[in-house]
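Summary of structural features
Listed here are the chains, written in short residue letters.
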Amino acid sequence: MAVNEWEQLKLHLDKWVEECRETSAAGKVAEYIPELSKAKPDMLGIHILDAKGRSISAGEAQDSFTMQSISKVFTLILALMDHGESAVFSKVGMEPTGDHFNSIMKLELVQPAIPFNPLINAGAIVVSSMIKGENAEAKSARILAFFRELAGNPNLEYDMQVYISESKTAHLNRSIAYFLLDKGVLGCGVDEVLDIYFRHCAIKVCCADLARMALVLAFDGKDPLTGKTLIPRRYVQIAKTFMVTCGMYNGSGEFAIEAGLPAKSGVSGGILTLVPGRYGIGVVGPALNSKGNSIAGVQLIERLSQTLDWSLF
Ligand SMILES: N[C@@H](CCC(=O)O)C(=O)O
């Protein structure tokens with residue numbers, strides 16, 4: 001079964017990528033972080049990695065892009081490893097919002113005033129403030145080291161242009177952080193937390209890096225290529241559940257029906273997804289749909305899942 005499927009992927013992946021690439025024309029590259037607007041709108045790449053280290057890629061899988069919101073999954077995991085569940089979930093909720101990723105609408109509607117979940121910007125900013133370390137630099141260094149280990153890539157670095165570009169223009173995120181500070185849910189100051197947050201959003205990866213990080217989640221926290229356990233199973237379970245309920249912004253419900261896989265997207269057009277116990281998958285396609293997800297990337301993952309019967313449901 002798995003052998004046939006691998007053959008099928010080898011045979012058809014290039015064609016599927018080229019077919020899905022055409023839908024990019026209906027999407028739009030993110031512009032609110034000026035540096036992101038330079039991405040190629042019709043770019044589409046994918047890398048699929050299995051537990052034996054076999055991989056298949058197609059399209060522009062080698063090109064690099066920044067993780068953006070995909071990083072939020074792994075900072076959540078690091079915060080859980082630093083503090084445990086009850087401390088983390090006293091500052092951030094577990095529920096989807098149905099709103100845009102950077103919405104501040106619901107922040108005032110709940111008591112206590114904690115963000116709905118760790119994958120919207122408000123929640124991810126709170127999570128960034130919980131990472132252990134003496135100062136912003138030490139906290140960011142821990143995040144980068146953790147990401148490098150998960151990706152099996154000691155060369156992961158920040159895209160400084162994207163980091164600077166976002167730092168200069170993130171007025172909405174700044175206002176979210178001030179609101180959270182006022183409500184007493186931030187573990188450090190506004191400038192410090194935003195520096196940590198913008199840095200992890202600006203970590204530069206390619207599809208193979210995302211696939212390797214996803215593979216660790218697909219194998220419940222153990223990197224099958226090294227045999228090393230990098231994340232406790234319970235925290236992977238929490239992360240994967242958030243990916244299903246909120247990982248694709250306010251398009252998560254439709255994606256659960258059409259693809260049925262845990263996934264997390266970012267505004268740079270990246271998507272990290274996985275088939276539990278089988279594959280880690282990294283995708284990139286910078287043209288976004290109205291929900292902020294890669295338009296061609298979503299179509300490609302849905303096509304793969306439907307053709308190969310990957311849905312968990
Ligand atoms: N750095 C981005 C991440 C958003 C995203 O990828 O959804 C922001 O905060 O606006």
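Per chain, residue numbering runs from 1 following the sequence as it is written. Local features in this predicted model are restricted to residues of pLDDT 70 or higher, and side-chain atom pairs are both shown and tallied only at a pLDDT of 80 or more, whereas totals for entire chains, interfaces and linings draw on every residue. Computation of side-chain values covers all heavy atoms of the structure but excludes hydrogens and water.

Let me state the cut-off plainly: UniProt positions are given in the numbering used here, feature names are shortened, and annotations may be inferred rather than shown by experiment.
The chain carries the name Glutaminase in an unreviewed UniProt entry, which gives Paenibacillus phoenicis as its organism. Per UniProt, the comment on the chain under Subunit (unreviewed entry) is "Homotetramer."

**Digging into the overall build of the chain**
Heads up, the condition is: Secondary structure elements follow DSSP: runs of H or I no shorter than four residues count as helices, runs of E no shorter than two count as strands, and numbering proceeds from the N terminus. Summary of the burial criterion: residues with accessible area below 20% of their type's maximum are buried, those above 50% are exposed, and those between are partly exposed, where the area comes from a 1.4 Å probe applied to protein chains only. Note on contacts: a residue pair is in contact if any heavy atoms of the two residues lie within 4.5 Å. Computed by Shrake-Rupley with a 1.4 Å probe, the accessible areas treat only the displayed protein chains as cover when residues are assessed. The charge count includes Lys and Arg as positive and Asp and Glu as negative, but it does not include His or the ends of the chains. Charge positions are represented by NZ for Lys, CZ for Arg, CG for Asp and CD for Glu.
Per the secondary structure count, the chain includes 12 helices and 12 strands. Its C-alpha atoms give the chain principal-axis dimensions of roughly 55 × 40 × 35 Å. Counting all 313 residues of the chain, 58% fall into the buried class. Contacts spanning at least 24 positions in sequence make up 70% of the contacts within the chain whose residues lie at least 6 apart. Looking at the chain as shown, the accessible area adds up to about 12,500 Å², and 52% of this sits on carbon and sulfur atoms. Computed over 30 positive and 34 negative side-chain charges, the separation of the two mean positions in the chain equals 3 Å.

**Re the site of the ligand**
For clarity, the cut-off: Working definition: residue near molecule or strand if any one of its non-hydrogen atoms lies within 4 Å of it. Polar contacts, as used here, are pairs of N or O atoms within 3.5 Å; protein pairs need one atom able to donate a hydrogen and one able to accept it. Residues neighboring in sequence count only if both atoms are side-chain atoms. Note on residue classes: Ala, Val, Leu, Ile, Met, Phe, Trp, Tyr, Cys and Pro are nonpolar, Asp, Glu, Lys and Arg are charged, and everything else, Gly too, is polar.
Neighbouring residues of the ligand: Tyr-32, Gln-68, Ser-69, Phe-101, Asn-121, Glu-166, Asn-173, Tyr-197, Cys-201, Tyr-249, Gly-266 and Val-267. Measuring from an oxygen atom of the ligand, one finds a side-chain N or O atom of Tyr-32 at 2.5 Å. Residues belonging to the shell around the ligand are distributed by class as follows: 6 nonpolar, 5 polar and 1 charged.

**Let's talk about the side chain of Thr-75**
On the secondary structure map, Thr-75 appears in helix H2 (residues 71-83). In this structure Thr-75 comes out as buried when scored by relative accessible area, which is 0%. Beyond its immediate chain neighbours, meaning those up to four positions away, Thr-75 contacts Val-127, Ile-131, Ile-143, Phe-147 and His-200.

**As for the pattern of salt bridges**
To keep it simple, the criterion reads: Definition used for salt bridges: Asp or Glu carboxyl oxygen within 4 Å of a side-chain nitrogen of Lys or Arg.
This structure, assessed with the given rule, holds 19 salt bridges. Across the pair Glu-7 and Lys-10 runs a salt bridge, and its minimum N-O distance is 3.8 Å. With Glu-7 and Lys-10 both in helix H1 (residues 2-21) and 3 residues apart, this pair spans about one turn of that helix. With a relative accessible area of 40%, Glu-7 lands in the partly exposed category. With a closest N to O distance of 2.8 Å, Asp-82 and Arg-142 form a salt bridge. Separated by 60 residues along the polypeptide, Asp-82 in helix H2 and Arg-142 in helix H5 (residues 136-151) bring together distant segments of the chain. The exposure class assigned to Asp-82 is buried, which follows from its relative accessible area of 12%. For Arg-142, a relative accessible area of 31% puts it in the partly exposed group. Residues joined by salt bridges that share partners form a network here, namely Glu-18, Arg-21, Lys-40 and Glu-60.

**Quick look at the layout of surface pockets**
As a reminder, the rule being used: Each cavity reported here is a set of points on a 1 Å grid over the protein atoms alone in which a 1.4 Å probe fits but cannot get out, each pocket an open set with protein on both sides within 12 Å along at least five of seven lines, and each lining residue one with an atom within 4 Å of a point. Grid points are joined across faces, edges and corners, and a volume is the space filled by probe spheres set on the points.
There is about 330 Å³ of room inside the largest pocket. Taken together, 19 residues line the largest pocket, and the ones lying closest to its centre are Leu-36, Lys-38, Ala-39, Ser-64 and Phe-65. Looking at the lining of the largest pocket residue by residue, the class counts come to 9 nonpolar, 4 polar and 6 charged.

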